[in-house]
Amino acid sequence: QKGGYAHFMLKEIHEQPQVAREVLHMLAGSTEVKRVLDAIRNARQVYFIGCGTSYHACLAGSVYFAQLAGRAVIPVLAPQFIPQYLPAVNKQDVGIFVSQSGETKDVLNALQAAEAQGMTCLGLANVIGSTLTKATACWLPLCCGYEISVPATKTFTNQVVTFLYLAYRLAGRDTRPLEDIPALMETTLNTAAPQIEAIVPAINPWNDLYCLGYGATYPMALEGALKLKEITYAHCEGMLSTEFKHGPLSAVTENYPVLFVTGPEDVPLIVSGINEVTCRGGRAIAIGQEDSRLRANASEVITLPEASPEISSLLSVLPLQLLAYHMSVGRGYDPDFPRNLSKTLTVD
Ligand code: M6R
């Protein structure tokens, strides 16, 4: 069942290129995509709504929609999407409800509240036949097959691929460059795996670390931090890189690990953050494309293949998934079934 991998999580991490290929193929032939795009074009305001990892995909989607298509979208954590916080929502608005399971109670509550206010509700779900797919007039499947491991990996990247595809279509862009994603994911996994395994022994003794990103890599930093917390039980805080100097910088001591996830266009900004950490003796681990400025300033660089900034941001989450996985295993935990958690949260 684990296909020769030690854990479902590692198997599912390595399935990402294949499921990305499948979702791109599905999206290219889907009539529902046009319905989703028409609804977005005609909407007064668009919201992306989810929890946990699915919320991070909503955040990434909102960045791509703004950057690539000039369409402002409000990403919302599902429990905040209730009438007393969003009284202005009405039938001119569109919400895309995002959930791997399609059964998360917080998401279904938000959906019910939105429907009561007449909003057009669309879905993005992995489990076909789930409550979310039955309750939305129009939904898109994530095409990932079963995701058994509690930490979401392949469903996250396919949520992001779907938002990227929708942003390209909304912008009237040729979507063919997105077909490179599966091969780029394969390259990323192959090159990052040994680099990640090499840094785990130095990072794993720490029970407190930061994961920083900027722009399109900010949601990836949040997602990496969530993965680390979920399966290593360490505290890892995801944050916008520029916020670090506004307080958390005081945590840095000798070798204190700070992960910096960067897109190719954000390197100068990230390098200044890196220097604030290294000059205080901290360990700055950069995740980005090969760049002499990162090499010269970071303690280590985990290299990503060359790609457009938006595809690069998607790729940057793969090393973070691997890092969380190897730290968890290194600590003697089972990353598939972290304590206190279940795959689907059907309670308020
Ligand atoms: O099934 P959903 O996508 O609605 O689940 C939402 C969260 O519970 C889920 O993403 C959770 O954060 C993951 N276990 C994180 O890996």
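Note that residues are indexed from 1 along each chain, following the sequence as it is written. In keeping with the predicted nature of the model, local features appear solely for residues at pLDDT of at least 70, side-chain atom pairs appear and are counted solely at 80 or more, and the whole-chain, interface and lining totals rest on all residues. To obtain the side-chain values, all non-hydrogen atoms of the structure were used and water was disregarded.

By the naming in an unreviewed UniProt entry, the protein is Glutamine--fructose-6-phosphate aminotransferase [isomerizing], taken from Bellilinea caldifistulae. UniProt positions are given in the numbering used here, feature names are shortened, and annotations may be inferred rather than shown by experiment. The UniProt entry for the protein carries this comment under Catalytic activity (unreviewed entry): "D-fructose 6-phosphate + L-glutamine = D-glucosamine 6-phosphate + L-glutamate".

Peer 1: Would you mind going over unusual backbone geometry in detail, with residue names and values included?
Peer 2: The general pattern is negative phi for most residues beyond glycine and trans for most peptide bonds. A positive phi angle, close to 60°, is found at C143, a residue other than glycine. A run of H or I in DSSP becomes a helix once it reaches four residues, and a run of E becomes a strand once it reaches two; helices and strands are each numbered from the N terminus. Along the polypeptide, C143 turns up in the loop between β5 (138-141) and α7 (154-170). Positive phi values are uncommon outside glycine, yet Y233 reaches one of about 65°. Position of Y233 among the secondary structure elements: in the loop between α9 (218-232) and β7 (235-240). With a relative accessible area of 24%, Y233 lands in the partly exposed category. Relative accessibility decides the category of a residue: with a 1.4 Å probe and only protein chains considered, values under 20% of the type maximum give buried, values over 50% give exposed, and everything between is partly exposed.

Peer 1: Could you give an account of the packing of helix α4 (residues 52-69) against α7, with specific residues and numbers?
Peer 2: Across the interface, α4 lies against α7 with an axial gap of 9 Å and an inter-helix angle of 20°. Between α4 and α7, the crossing angle belongs to the class labelled roughly parallel. In terms of crossing hand, the pair formed by α4 and α7 is right-handed. Of α7, the residues touching α4 (which contributes T53, S54, H56, A57, C58, A60, G61, Y64, F65, L68 and A69) are F156, Q159, V160, F163, L164, L166, A167, Y168 and L170. The residue classification treats Ala, Val, Leu, Ile, Met, Phe, Trp, Tyr, Cys and Pro as nonpolar and Asp, Glu, Lys and Arg as charged. All others, Gly included, are polar. For the contact of α4 with α7, a count of residues per class yields 15 nonpolar, five polar and no charged. Working convention: axes come from line fits to C-alpha atoms, limited for helices to the stretch in contact. Angles between N-to-C directions cover 0 to 180 degrees. Here is the rule for angles: anything less than 35 degrees is roughly parallel, anything more than 145 is roughly antiparallel, 65 through 115 is roughly perpendicular, and the remaining ranges are oblique. By convention, the crossing between two helices is left-handed when the near helix turns anticlockwise from the far helix through less than a right angle, and right-handed when the turn is clockwise. In this analysis, two residues are considered to be in contact whenever any of their non-hydrogen atoms come within 4.5 Å of each other.

Peer 1: Can you tell me about the packing of aromatic side chains, naming the residues and giving the values?
Peer 2: Geometry of an aromatic ring pair is reported as the spacing of the ring centres plus the angle between the planes. When the centres of two rings from Phe, Tyr and Trp lie within 6.5 Å, Trp using its six-membered ring, the rings pair. Their planes under 30 degrees apart give stacked, over 60 give edge-to-face, and anything left gives tilted. All chains considered together, the criterion is met by nine aromatic pairs. Here the aromatic rings of Y233 and Y333 are separated by 4.4 Å at their centres, their planes lie at 40°, and the arrangement is tilted. Of the two residues, Y233 sits in the loop between α9 and β7 while Y333 sits in the segment after α13 (317-330), which places them 100 residues apart along the sequence. Grouped by ring-pair contacts, the aromatic residues W206, Y210, F244 and Y256 constitute a single cluster.

Peer 1: Run through the pattern of salt bridges, naming residues and quoting values.
Peer 2: Just to be clear on terms, a salt bridge is a Lys or Arg side-chain nitrogen sitting within 4 Å of an Asp or Glu carboxyl oxygen. Throughout the structure, instances matching the rule amount to 15 salt bridges. A salt bridge links K11 to E15; its shortest N-O distance comes to 3.0 Å. Salt bridges linked by common partners bring K11, E15 and K154 together as one network.

Peer 1: Any chance you could break down the site of the ligand for me, citing the residues and the numbers?
Peer 2: Taken together, 15 residues surround the ligand, and among them S54, S99, S101, T104 and E230 come closest. Residue S54 places a side-chain N or O atom 2.6 Å away from an oxygen atom belonging to the ligand. Polar contact is defined as a pair of N or O atoms within 3.5 Å, subject to the rule that within protein one atom must be able to donate a hydrogen and the other to accept it, and that residues adjacent in sequence are counted only when both atoms are side-chain atoms. V150 has a polar backbone atom sitting 3.1 Å from a nitrogen atom of the ligand. Coverage of the ligand by the protein chains reaches 91% of its 420 Å² of free accessible surface. For the shell around the ligand, the secondary-structure elements that each account for two or more residues are α4 and α9. Near is defined per residue: the residue qualifies when any heavy atom it owns lies within 4 Å of the molecule or strand. Where accessible areas are quoted, they stem from the Shrake-Rupley method and a 1.4 Å probe; at the residue level, only the protein chains shown are allowed to cover.

Peer 1: Please set out a nonpolar patch on the surface residue by residue, giving values where relevant.
Peer 2: On the surface, Y146, I148 and F337 cluster together into a nonpolar patch covering about 380 Å² of accessible area. Along the chain, the position of Y146 falls in the loop between β5 and α7. Residue Y146 is classed as exposed on the basis of its relative accessible area, which comes to 75%. Surface patches are drawn from residues lacking salt bridges whose relative accessible area is over 30%; two like charges belong together within 9 Å, two nonpolar side chains (Val, Leu, Ile, Met, Phe, Trp, Tyr) within 5 Å.

Peer 1: Account for the packing of helix α2 (residues 16-28) against helix α8 (residues 181-203), with residues named and values stated.
Peer 2: Where α2 meets α8, the axes come as close as 8 Å, and the angle between the chain directions of the two elements is 170°. Classified by the angle their axes make, α2 and α8 are roughly antiparallel. Side by side, α2 and α8 meet where Q16, P17, A20, R21 and L24 of the first sit next to I181, P182, A183, M185, E186 and L189 of the second. Looking at the contact of α2 with α8 residue by residue, the class counts come to eight nonpolar, one polar and two charged.

Peer 1: Break down the environment of L341 for me, with residues and values.
Peer 2: Topologically, L341 is positioned in the segment after α13. Relative accessible area serves as the criterion here: at 42%, L341 is assigned to the partly exposed category. Taking the C-alpha atoms as reference, L341 lies 20 Å from N109; in sequence the two are 232 residues apart.

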